[in-house]
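Descriptive structure summary
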Amino acid sequence: MTETVADTVIEAPETDYDPFALESLQNVHEMDGRCRELAPVVYVKKYDYYAITRYAEIKKALRDPRTFSSTSRPFYAPSPFRPRILILEDPPEHNRSKGAVLKVLNEENLQRMEAYFKDWAEQLVDRLLADGPVEIDAFRELSVAFVLKVFPDVLGLPEEGREALLKFGDAVFNVFGPDSELQRQKLARGAEGQEWVEANTAKELQAEGSIGWMLYQQAEEGKITETEAQQILKSIFAAGFDTTTASIASMIRAFADNPGEWQKLRENPELVDNAWEEAIRYYPASRYGGRWAKKETVLGGVRIPEGAKILTMWLGAGRDGRQYENPDEFHVDREMKGGHLSFGFGIHTCAGQGVARLEARTLLRALVERVERIELVGEPVQAVNYQAFGHEKVPVRLTPARR
Ligand code: HEM
């Protein structure tokens, strides 16, 4: 039922929680979790924005893009790292660009990618296990090695310089927060990748049949402009690499921390798809999104004034006990009624989730068939990032299964 301002409504409780302080960034689950328990909507005074903290209220807000617009947000400022399209658009403009990106990341193209991804995942895991048990950094040697091979290949990108995608992505996910030394460092590093990214989105460099070429084809047909085609391609570069490398490495950590779940998955490999959904509920690669309120509204009994800048805190919502039983536990056979919000929800739901799922599932399947045990052999290092959550190091020993 729609809440109205006439119902019993409270003002958003004010909090001095600083989601961007180093202490918060190093403990995002605990700290965003505490914020979630304060109220479904809180007012973060320091930065003058409202945070929607719980699963049900975030979902409700994302269902209503007329009230919760994407054209502005907290810390909104034009940035060379932030594509001006898709994520910052409302309908009707958004319909056009979303249609264009979904047309190239469609089922048919995903099916064409599948055999290639599978083959590469199997080759990579076989190579790692060639000499028996092996100690690796699962972020670099598994996740990055796989993701920076298969998807850029499909995009038709040159082998050389692909690390630029990670530097660029890291900057993209740090633009969305306050000015700080951390942000300045990330943006400086991102600038090193930016030139490569800009150059490789140019029309003349798109190999025939590649995703970029298909986008420019749509421009040739007059469905979008060439500038839009380039911006959409840049969105794919911006959103499509840090996210997947982070979430695959986090998934490996979840298994290393929960050896019983790895055994359960090995005994029930049909749970691979479910296990991956659980992994990104548990460790979402994206911590929050942004909106602004076009009119006064009420969410979870809390008033949000017209013009309010908003963060949708979906990482915390993934551990919301009102939605999930034992939310801090990782279970490959969890029945997730209503799904998770780790790919967002509503009209802006992730355009690349098909690619992300394909990458993660093919790699996970190759591992399940070949790896008996995954054990931590050192402390995992969590990445420090405003908007993205992930690990920059996950040292593990992989013990091959007898085949
Ligand atoms: C595990 C990996 C990924 C995660 C967790 C993730 C997460 C998200 C989330 C939460 C949103 C919604 C943002 C919002 O509503 O404000 C989003 C949007 C988007 N994602 Fe992803 N993403 C992933 C992978 C990818 C990949 C691989 C691509 C490209 C191939 C991609 C492209 C996009 C684009 C273009 C949007 C904007 C959609 C729109 O505004 O309509 N993402 N993603």
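For the protein, an unreviewed UniProt entry supplies the name Cytochrome P450 and the organism Kocuria dechangensis. For the record of the protein, the UniProt heading Cofactor (unreviewed entry) holds the text "heme".

Focus on the overall build of the protein
Summing up its helical and strand segments, the protein has 15 helices and 14 strands in all. Computed over C-alpha atoms, the radius of gyration of the protein comes to 21 Å, within 12% of the 22 Å expected from 2.2 N^0.38 for 403 residues, which places it in the range of a compact globule. Taking the principal axes of its C-alpha atoms as reference, the protein extends roughly 65 × 50 × 40 Å. In the protein, which comprises 403 residues, the proportion classed as buried is 58%. Pairs at least 24 residues apart make up 74% of the contacts formed inside the protein by residues separated by at least 6 positions. Accessible area of the protein: about 17,300 Å², with a carbon and sulfur share of 50%. In the protein, 51 side chains carry a positive charge and 64 a negative one; their mean positions are 2 Å apart.

Overview of the pairing of strand β14 (residues 395-400)
Of the strand pairs in this sheet, strand β6 (residues 134-137) and β14 are connected by four bridges, and their pairing is antiparallel. Residue E135 lies in a different strand from β14, and its bridge partner there is R397. Where strand β11 (residues 371-376) meets β14, five bridges bridge the pair, whose relative direction is antiparallel. Pairing of E375 across the sheet is with R397, part of β14.

Brief notes about the sheet that holds strand β9 (residues 302-304)
Taken in spatial order, the three strands make up an open sheet running β1-β9-β8, and their pairing is mixed. With partners counted over all chains shown, the strands left at the sheet margins are β1 (10-11) and β8 (297-299), one partner each. As defined by bridge partners, β8 adjoins β9 across three bridges and the pair is classed as antiparallel. Residue pairing in the sheet places T297 in a bridge with I304 of β9.

Let's talk about the pattern of salt bridges
A full pass over the atoms with the stated rule returns 40 salt bridges. Between E37 and R322 there is a salt bridge; the shortest N-O distance is 2.7 Å. Note that E37 is positioned in helix α2 (residues 28-38) and R322 in the loop between α14 (314-317) and α15 (353-370), a separation of 285 residues in sequence. Given a relative accessible area of 45%, R322 falls into the partly exposed group. Shared partners join several salt bridges into a network, and the residues in it are D273, E277, R357, R361 and R365.

Thoughts on the layout of surface pockets
The calculated volume of the largest pocket comes to roughly 420 Å³. Along the wall of the largest pocket there are 20 residues; nearest its centre are D170, K186, R189, A383 and E392. Elements with a contribution of two residues or more to the lining of the largest pocket: α6 (138-155), α7 (163-175), α8 (181-200), α11 (242-257) and β13 (391-393). Here the element with the most residues in the lining of the largest pocket is α8; it accounts for four residues. Considered class by class, the residues forming the lining of the largest pocket number eight nonpolar, five polar and seven charged.

Overview of the site of the ligand
In the neighbourhood of the ligand, 24 residues make up the surrounding shell, with H94, K98, R291, H348 and C350 lying closest. For the ligand, an oxygen atom lies 3.4 Å from a polar atom in the backbone of I87. The contact in question runs from an oxygen atom of the ligand to an N or O atom on the side chain of H348, over 2.7 Å. In this structure the site holding the ligand corresponds to the largest cavity. When residues of the shell around the ligand are traced back to their parent elements, those giving at least two are α4 (93-104), α10 (226-239) and α11. Here the shell around the ligand gets three residues from one element, more than from any other, and that element is α11. Grouping the amino acids of the shell around the ligand by side-chain chemistry returns twelve nonpolar, ten polar and two charged.

Procedures and definitions
Residues numbered from 1 in each chain as written. Predicted model: local features only at pLDDT ≥ 70, side-chain atom pairs only at ≥ 80, totals over all residues. Heavy atoms only, no water. UniProt positions renumbered as here; feature names shortened; annotations may be inferred. Helix = DSSP H or I, 4+ residues; strand = E, 2+ residues; numbered from the N terminus. Rg over C-alpha atoms; globule rule 2.2 N^0.38 Å. Buried < 20%, exposed > 50% of the residue type's maximum accessible area, 1.4 Å probe, protein only. Contact = heavy atoms within 4.5 Å. Areas by Shrake-Rupley, 256 points an atom, 1.4 Å probe, with all protein chains shown as cover. Lys, Arg positive; Asp, Glu negative; His and termini not counted. Charge placed at Lys NZ, Arg CZ, Asp CG, Glu CD. Pairing = 2+ DSSP bridges. Salt bridge = Lys/Arg side-chain N within 4 Å of Asp/Glu carboxyl O. 1 Å grid on protein atoms, 1.4 Å probe; cavity = no way out; pocket = protein on both sides within 12 Å on 5 of 7 lines; lining within 4 Å. Points joined across faces, edges and corners; volume = space filled by probe spheres on them. Nonpolar A, V, L, I, M, F, W, Y, C, P; charged D, E, K, R; others polar. Near = heavy atom within 4 Å. Polar contact = N/O pair within 3.5 Å; in protein donor to acceptor, adjacent residues only side chain to side chain. Sits in = over half its atoms within 2 Å of the grid points.

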